[in-house]
Amino acid sequence: MSIAIVAFIIRELGIKASTLLSDGDDGIDARVRVQKVAYFLKRLGYDIVFEFDLYYHGPYSSELANTIELLAHLGDDELARLAVLCLEAGDCRSIRSIVERLSQYPTGILEVASTIRSLLDAPDYKGDLNGAIDHVKFLKPWVNDGVVKDALSLLRSLGLLG
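Let us look at the structure shown here. (Residues numbered from 1 in each chain as written. Predicted model: local features only at pLDDT ≥ 70, side-chain atom pairs only at ≥ 80, totals over all residues. Heavy atoms only, no water.)

## Thoughts on the packing of helix α7 (residues 107-119) against helix α8 (residues 129-139)
Here is step 1: Relative to each other, α7 and α8 sit at 130 degrees, their axes nearing to 9 Å. When the interaxial angle is binned, α7 and α8 end up oblique. Remark: the crossing between α7 and α8 carries right-handed chirality. Residues Val-112, Thr-115, Ile-116 and Leu-119 of α7 touch α8, and the partners they reach there are Leu-129, Ala-132, Ile-133, His-135 and Val-136.
Here is step 2: Considered class by class, the residues forming the contact of α7 with α8 number seven nonpolar, two polar and no charged. (Axes fitted to C-alpha atoms, helices over the stretch in contact; angles between N-to-C directions. Helix = DSSP H or I, 4+ residues; strand = E, 2+ residues; numbered from the N terminus. Parallel < 35°, antiparallel > 145°, perpendicular 65-115°, else oblique. Left-handed = near helix turned anticlockwise from the far one by under 90°. Contact = heavy atoms within 4.5 Å. Nonpolar A, V, L, I, M, F, W, Y, C, P; charged D, E, K, R; others polar.)

Below is the structure:
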């Protein structure tokens, strides 16, 4: 059912298939948003089967990227059909409020929050929040204290930060 969950996430985020296929900034942003929402759902214990590794924009799953591309090629009508199927099967009802909440955050905040959370699991930063934040600022020079504050607030609101 993972493909239907991904379709549901895409639809709930209001992303069109053509945007996912775009090579422009809008396409990159859309694909990053789907990746981060799926990552947070997995961290929260939902049945997301994709494995994530730390990458340029934070936690990334190549298998999820392939699924996103496949769904985008199927088009908006098929995305909608699969999203409805996911709801009807009951698999997406429980994640709807989380996806809705995450959709309120800019992609940059999702990226920084997921990167911090991922680093806190890495051997070099295990439990070292300040070290993880410093590393994120090193990796992403555009990150300022306001972005970090918003990212930490998001992590706390999800119960993913002590």
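There is more to say after this.
## Here we look at a nonpolar patch on the surface
Here is step 1: Taken together, the side chains of Ile-3, Leu-70 and Leu-74 present a nonpolar region at the surface, about 240 Å² in accessible area.
Here is step 2: Its location among the elements puts Leu-70 in helix α4 (residues 62-74). (Patch = residues over 30% accessible without salt bridge, like charges linked within 9 Å, V, L, I, M, F, W, Y side chains within 5 Å. Areas by Shrake-Rupley, 256 points an atom, 1.4 Å probe, with all protein chains shown as cover. Salt bridge = Lys/Arg side-chain N within 4 Å of Asp/Glu carboxyl O.)

## Focus on helix α5 (residues 76-89)
Here is step 1: If you check α5, its first and last C-alpha atoms are 20 Å apart, about what 14 residues at 1.5 Å a residue would give, namely 20 Å.
Here is step 2: Looking at the buried residues of α5, the elements they touch are α1 (2-12), α2 (17-21) and α4.
Here is step 3: Looking one or two residues beyond α5, the residue adopting positive phi is Gly-90, at roughly 90 degrees. (Expected span 1.5 Å × (residues − 1).)

## Quick word on the nonpolar core
Here is step 1: Counting residues in hydrophobic clusters, the biggest one holds 55 residues, and the most contacted among them are Ile-9, Val-34, Phe-40 and Ile-116.
Here is step 2: In this structure, Val-34 is in contact with Val-6, Ile-9, Ile-10, Leu-13, Ile-15, Leu-20, Leu-64 and Ile-68, ignoring residues within four places of it in sequence. (Core = buried A, V, L, I, M, F, W, Y, C linked by side-chain atoms within 4.5 Å. Buried < 20%, exposed > 50% of the residue type's maximum accessible area, 1.4 Å probe, protein only.)

Any functional reading would require information beyond the geometric quantities listed.
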